[in-house]
Amino acid sequence: MDETEFWELVDGSREVAGGDPEDQADALVDKLLGLGPDDVVDFARHFEARYNRAYAWDLWAAAALLLDGASDDAFDSFRCWLIGQGRHVFEGALHDPDQLAGLLDDFDEEVDGDAEDLGYAADEAYEQLTGAEMPDLGLPPAPPEPLGTYVDFEDDAALAERFPRLWERFRE
């Protein structure tokens, strides 16, 4: 599976779900069940690699701004949700998290930003297809600390300075 096929599966599941993260996870499992086990493992590799790339302080701070706070678990779920938004939003956010102000149509912190189940879709599909657990993906381990420079999530002035567009759109 190449990167384009990976993003087509993500986009297709989001479209079927109408943007609902829980429904998207179910739709993604359904789509993955139409593939062979090796393709599901490839999908999981693509997902995990992107999940690890998104482990960055500035993205975590942007998530905290959008969600009005973000614990470790909330940030994990946010990274899954961000992947679920598709390649354009994901890559834009990684390049500059403040771009999320223009990349997101709407953001409801009660629904958006939390898609933990997307992170388990490949595991669930693989287990249904094979009756076994997902094998080791052979990827390097996740970084021990987020990438980049720490941003204080509790400092409104620092958040407003670092993310002026996000601050203006979602906090003012």
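Residues numbered from 1 in each chain as written. Predicted model: local features only at pLDDT ≥ 70, side-chain atom pairs only at ≥ 80, totals over all residues. Heavy atoms only, no water.

**Topic: unusual backbone geometry**
Right, on to step 1. One non-glycine residue, Asp 68, lies in positive phi territory at about 60 degrees.
Right, on to step 2. On the secondary structure map, Asp 68 appears in the loop between α4 (57–67) and α5 (72–84). (Helix = DSSP H or I, 4+ residues; strand = E, 2+ residues; numbered from the N terminus.)

**Observations concerning the pattern of salt bridges**
Right, on to step 1. Applying the stated rule across the entire model yields 12 salt bridges.
Right, on to step 2. Between Arg 162 and Asp 58 there is a salt bridge whose closest N-O contact spans 3.1 Å. Of the two residues, Arg 162 sits in helix α9 (residues 156–162) while Asp 58 sits in helix α4, which places them 104 residues apart along the sequence.
Right, on to step 3. The exposure class of Arg 162 is partly exposed, given its relative accessible area of 30%.
Right, on to step 4. Connected via shared salt-bridge partners are Asp 58, Asp 96, Asp 98, Arg 162 and Arg 165. (Salt bridge = Lys/Arg side-chain N within 4 Å of Asp/Glu carboxyl O. Buried < 20%, exposed > 50% of the residue type's maximum accessible area, 1.4 Å probe, protein only.)

**Quick word on the environment of Ala 56**
Right, on to step 1. Here Ala 56 lies in the loop between α3 (37–53) and α4.
Right, on to step 2. On the basis of relative accessibility, which here comes to 12%, the residue Ala 56 falls in the buried class.
Right, on to step 3. In the structure, Ala 56 is positioned 93 residues away from Thr 149 in sequence and 8.2 Å away in space, judged by C-alpha atoms.
Right, on to step 4. In this view, Ala 56 contacts Phe 75, Pro 146 and Leu 147; residues no more than four positions away in its chain are not counted. (Contact = heavy atoms within 4.5 Å.)

**Here we look at the packing of α3 against helix α8 (residues 121–130)**
Right, on to step 1. Contact pair α3 / α8: the axes reach a minimum separation of 9 Å and the direction vectors enclose 165 degrees. As judged from the angle between their axes, α3 and α8 are roughly antiparallel. You can see that α3 and α8 cross each other, and the crossing is left-handed. Taken together, the residues of α8 that come into contact with α3 (itself represented by Pro 37, Val 40, Val 41, Phe 43 and Ala 44) are Ala 122, Ala 125, Tyr 126, Leu 129 and Thr 130.
Right, on to step 2. The residue makeup of the contact of α3 with α8, split by class, is 9 nonpolar, 1 polar and no charged. (Axes fitted to C-alpha atoms, helices over the stretch in contact; angles between N-to-C directions. Parallel < 35°, antiparallel > 145°, perpendicular 65-115°, else oblique. Left-handed = near helix turned anticlockwise from the far one by under 90°. Nonpolar A, V, L, I, M, F, W, Y, C, P; charged D, E, K, R; others polar.)

**Here's the deal with the packing of aromatic side chains**
Right, on to step 1. The final tally for this structure, using the stated rule, is 15 aromatic pairs.
Right, on to step 2. Relative to Phe 153, the ring of Trp 57 has its centre 6.3 Å away and its plane inclined at 55 degrees; by these criteria the two rings are tilted. With a gap of 96 residues between them, Trp 57 in helix α4 and Phe 153 in the loop between α8 and α9 connect regions that are remote in the sequence. The residues Trp 57 and Phe 153 share a single accessibility class, namely buried.
Right, on to step 3. By the ring-pair criterion, three or more aromatic residues cluster together here, those being Tyr 55, Trp 57, Trp 60, Phe 75, Tyr 150 and Phe 153.
Right, on to step 4. Across from the ring centre of Phe 6, 5.1 Å away, lies the NZ or CZ of Arg 50, which sits over that ring.
Right, on to step 5. Sitting over the face of the ring of Tyr 51, Arg 79 holds its NZ or CZ atom 3.8 Å from the ring centroid. (Phe/Tyr/Trp six-rings, centres within 6.5 Å; stacked < 30°, edge-to-face > 60°. Lys NZ or Arg CZ within 6 Å of the ring centre and 35° of its normal.)

By themselves, these are just geometric observations and shouldn't be taken as functional.
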